[in-house]
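Given next are the chains, with one letter for each unit.
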Amino acid sequence: MAEPVMSTAAAKAAAGIGGLFGGLAILTFLKPHNLRDAAIRGGVSTGSAIIGSAPLTRYLGMDPYDWEFALTIGAAIGFCSWFVLSAVGNYFKKHEGEDIMEVVKSVKESK
């Protein structure tokens, strides 16, 4: 059964808002380096929540067209995506001037 277009749009909008707020919630713990960094992370958090909320709600057995589920799952996805972006960004910033082989060697040594 196809869902109406408005419920799909509302669920996507709610997921995007939830992703943005999820990303902003972790802002107190993992601060961005500048405003550009914050805008990029906020955009990626919002985009990943819009894309990933419907498949995740289906996988969990919830209604993907319900805006409340979409908002909640979007916030969780936005929170996680901000954390992953911060961890990867900080790792690359730490190893910024190194050769790729030095970075691979440090990853192998950390195991």
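That block above? That's the structure.
Computed from a predicted structure; not experimentally measured.

Asker: Provide a residue-level description of the pattern of salt bridges, including the pertinent values.
Answerer: A complete count under the given rule lists one salt bridge for this structure. Among the ionic pairs, aspartate 37 bridges to arginine 41, the shortest N-O distance being 2.9 Å. Residue aspartate 37 and its partner arginine 41 are both found in helix H2 (residues 35-59); the two are separated by four residues, about one turn of the helix. Judged by its relative accessible area of 4%, arginine 41 is buried.

Asker: Describe the packing of aromatic side chains, naming the residues involved and giving the relevant values.
Answerer: The final tally for this structure, using the stated rule, is one aromatic pair. Measuring from ring centre to ring centre gives 6.1 Å for tyrosine 91 and phenylalanine 92, while their planes differ by 65°; the resulting arrangement is edge-to-face.

About the thresholds
- Residues numbered from 1 in each chain as written.
- Predicted model: local features only at pLDDT ≥ 70, side-chain atom pairs only at ≥ 80, totals over all residues.
- Heavy atoms only, no water.
- Salt bridge = Lys/Arg side-chain N within 4 Å of Asp/Glu carboxyl O.
- Helix = DSSP H or I, 4+ residues; strand = E, 2+ residues; numbered from the N terminus.
- Buried < 20%, exposed > 50% of the residue type's maximum accessible area, 1.4 Å probe, protein only.
- Phe/Tyr/Trp six-rings, centres within 6.5 Å; stacked < 30°, edge-to-face > 60°.

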